[in-house]
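Understanding the architecture of this molecule
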Amino acid sequence: MLTPSEIDWLMDDLANSLNVAMDEFAIHRPDLFRDQHTA
Amino acid sequence: VLRPDAERSFLRGLPADEARKVMGSRARLDAVMKGANPLTVVNARIDPLYHTRLMGEPNDRPSLATLPHRSAWNGNEPVQISGSVARVQGHPDYRAAKQGDSRAAARLAMFAMDADFMAANGRAIAAENPVIVPVHAHEGVSVNRISASVAQWLGLNLHLPVESGIVQVNRVGHTRSTGWHRLANQALFAGAVEPGRNYWLVDDFIGQGGTLANLRGYIQSNGGRVSGFTVLAGQERSAILGLRAETLAELRNKHGQLENWWRQRFGFGFDGLTESEARYLIRAENADTIRNRLADG
């Protein structure tokens, strides 16, 4: 079982992973982001 | 603990033979009399699931559940699977993604969940207006960030939010492990669930589906609703997650005498198993085989 501080770290890591993935999507698929802004 | 020496005082007040019986052995009693914590002595080398705890012991933080919650299935809960394991593992970004490279994981998600996949599966997800939840887990040496990238990719394409506050709180070592190991080592989760909200669950790979079943149970036991499941890769036989009534009947017919033991060991009955887990157990020769293999797992 992870310790409470390890769980906090993992939640931060998840949020960061989502942000990094979004950056990568923006590089390869800027069209999807344009769609979002004009929707 | 209010009186640190209370247990020793209690044991000292007993006849020697009684004190030995309370602690289970002379060696254990001696260890406690020399200052060891009685709970540490009693719980040494015992599965954490079965640790002895003191009733009413003060606790400075809410304890995490040590058994998964599972709810019964309707019997037809499917999993969207974007492709075969071989297809995903053959991608040049796979190795880096599995080792925790979020950018590689993002490229892998884009490759596997292409326009054809979104056209075939996106509508079913979007219709539920869910929050997408990835299985985010520490796998020992690294964090596997593929599920997070898959969740974000679905969210971006379908204009849905992605949950970042629910994570797996134990290390289960499922990668490349046997079905028995997977059954014996259940994934547990923590994090805030919004009651009444729809959740759509995402993982990188599906084998027996136990991890998704446990995340479903965690969310449901906290008041959320689970609308469906998507994974990056898996075999076609894993596409039915929910246990079918005829499979449950077949399992109970073959190993029914084991169900009470199973419930005590895992916290849920056979009706909480996934279709693949139940099929795996049905293939075991007898109840002793199952108990022994799980003990080894």
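For the structure itself, look to the data block above.
Residues numbered from 1 in each chain as written. Chains lettered and ligands numbered in written order. Predicted model: local features only at pLDDT ≥ 70, side-chain atom pairs only at ≥ 80, totals over all residues. Heavy atoms only, no water.

**Examining the environment of Leu 67 of chain B**
To be explicit about the condition: Where helices and strands are cited, they refer to DSSP runs of H or I of at least four residues and of E of at least two residues respectively, numbered from the N terminus. For every residue, the accessible area obtained with a 1.4 Å probe (protein chains only) is divided by the maximum for its type, and the residue is called buried under 20%, exposed over 50%, and partly exposed between those limits.
Mapped onto the secondary structure, Leu 67 of chain B falls in the loop between helix H4 (38–43) and strand S1 (80–81). What makes Leu 67 of chain B partly exposed here is its relative accessible area of 33%.

**A word on the pairing of strand S8 (residues 225–234) of chain B**
Residue and element names in this part refer to chain B. What counts is decided by this rule: When DSSP finds two or more bridges between two strands, those strands count as paired. Place the viewer so that the strands point away; then a crossover is right-handed whenever the path from the first strand over the helix to the second strand goes clockwise.
Across the 10 residues of S8, eight count as buried, placing the element largely inside the fold. One ladder, built from two bridges, connects S1 with S8; its direction is parallel. Pairing of Ile 81 across the sheet is with Val 231, part of S8. Bridging between strand S7 (residues 198–206) and S8 involves eight bridges; their strand directions are parallel. Across the sheet, the residue bridging to Tyr 199 is Val 226, located in S8. Each parallel crossover has a hand, and for S7 linked through helix H11 (residues 210–221) to S8 it is right-handed.

**Structural notes on the nonpolar core**
All names here are of chain B. For the record, the criterion: To form a nonpolar core, buried Ala, Val, Leu, Ile, Met, Phe, Trp, Tyr and Cys residues must be joined to one another through side-chain atoms within 4.5 Å. Contacts are assigned to residue pairs with any non-hydrogen atoms lying within 4.5 Å of each other.
Ranked by size, the top nonpolar core spans 85 residues in total, and within it Trp 153, Leu 154, Leu 201, Ile 219, Trp 262 and Leu 273 carry the most contacts. The element that contributes the greatest number of residues to this core is helix H9 (residues 146–158), accounting for eight residues. Contact partners of Leu 273, with chain neighbours within four places excluded, come to Arg 70, Trp 73, Leu 243, Leu 251, Trp 262, Phe 268, Ala 278 and Leu 281.

**Comments concerning the sheet that holds S7 of chain B**
All names here are of chain B. Inclusion rule: Helix axes are fitted to C-alpha atoms over the stretch in contact, other axes to C-alpha atoms as well, and angles between N-to-C directions run from 0 to 180 degrees.
Overall, parallel pairing links the four strands, which are arranged S1-S8-S7-S2 in an open sheet. Only two strands of the sheet have a single partner each, and these edge strands are S1 and strand S2 (131–134). In this fold H9 packs onto S2, S7 and S8, with an angle of close to 135° to the strand it touches most, S7.

**So, the interface of chain B and chain A**
Which entries qualify depends on this criterion: The term buried area denotes the loss of accessible surface (1.4 Å probe radius) that occurs when two parts are joined, taken as the sum for both partners. Salt bridges, as used here, are contacts in which a Lys or Arg side-chain nitrogen is within 4 Å of a carboxyl oxygen on Asp or Glu. Any residue that is not Ala, Val, Leu, Ile, Met, Phe, Trp, Tyr, Cys, Pro, Asp, Glu, Lys or Arg is counted as polar, Gly included; the first ten are nonpolar and the last four charged.
If you look at the interface, chain B gives 35 residues, while chain A gives 26 residues. Carbon and sulfur atoms make up 75% of the area that chain B and chain A hide from each other, which totals about 2,600 Å². Where chain B touches chain A, the interface holds four salt bridges. With six residues, H9 of chain B is the largest single contributor of residues to the side of chain B that touches chain A. Class assignment for the residues of the side of chain B that touches chain A results in 16 nonpolar, 13 polar and six charged.

**Quick word on helix H13 (residues 259–266) of chain B**
Residues and elements named next belong to chain B. The condition that has to hold: Here, the arc refers to the directions that run from the helix axis to the C-beta atoms.
For H13, every residue scored as buried is listed here: Glu 259, Trp 262, Arg 265 and Phe 266. Projected onto a plane normal to the axis of H13, the buried residues spread over an arc of 125° and lie on a single side. Exposed residues lying more than 90 degrees from the buried face of H13 are Asn 260 and Gln 264. In this structure, the buried side of H13 is in contact with helix H10 (179–184), helix H12 (245–255), helix H14 (275–283) and helix H15 (287–296).

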